[in-house]
Amino acid sequence: MGLKTVHRQKKIKTLIHELAHHLHGHLEEDDRDVEVKEVEAEASTYLVLTYFGIDTELSKAYVLHWRDVEHDKVIQLSLIHISEPTRPLYISYAVFCLK
């Protein structure tokens with residue numbers, strides 16, 4: 001994979017991630033931790049990237065970056081909640097079936 005392709009994929013990933021923040025309602029003031037918001041947005045990003053066949057290694061690494069260090073585990077979230085912004089895509093049904 002060329003450097004231009006990797007750079008383009010990073011831009012696409014970032015755009016999807018920021019859009020996921022908007023679709024999850026993270027732009028509003030609330031009491032959720034930043035870790036939860038970041039994992040929600042990136043997990044949704046992972047689903048969209050997977051759907052379109054875009055490399056997901058950066059998303060995996062980013063989610064692990066936001067793990068709960070005290071308990072050494074990734075924040076547990078509902079698959080349904082994570083997939084909510086992806087509802088217009090067919091992958092939402094696939095995620096629902098995984099639950």
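Source: prediction; values computed, not measured. Here the residue index of a chain counts from 1 through its sequence in written order. In keeping with the model being predicted, local features are shown solely for residues with a pLDDT of at least 70 and side-chain atom pairs are shown and tallied solely at 80 or more, while totals for entire chains, interfaces and linings include all residues. Hydrogens and water are ignored here; the side-chain numbers use all heavy atoms of the structure.

Another point: helix H1 (residues 3–23). Elements are defined by DSSP. Helices are runs of H or I of four residues or more, strands are runs of E of two residues or more, and each kind is numbered from the N terminus. What a helix is expected to span follows from its residue count: subtract one and scale by 1.5 Å. The terminal C-alpha atoms of H1, which comprises 21 residues, lie 30 Å apart, in line with the 30 Å expected from a rise of 1.5 Å per residue. Those residues of H1 that fall on the buried side of the exposure criterion are Gln9, Lys13, Ile16, His17, Ala20 and His21. Around the axis of H1, the buried residues are gathered within 145° of arc, so they sit on the same side. Of the exposed residues in H1, the ones pointing more than 90 degrees away from its buried face are Lys4, Lys11 and Leu15. Contacts are assigned to residue pairs with any non-hydrogen atoms lying within 4.5 Å of each other. Of the surrounding elements, those touching the buried residues of H1 are helix H2 (34–51) and helix H3 (57–65). Following H1 by one or two positions, Gly25 has its phi on the positive side, about 80°. For every residue, the accessible area obtained with a 1.4 Å probe (protein chains only) is divided by the maximum for its type, and the residue is called buried under 20%, exposed over 50%, and partly exposed between those limits. The arc refers to the directions leading from the helix axis to the C-beta atoms.

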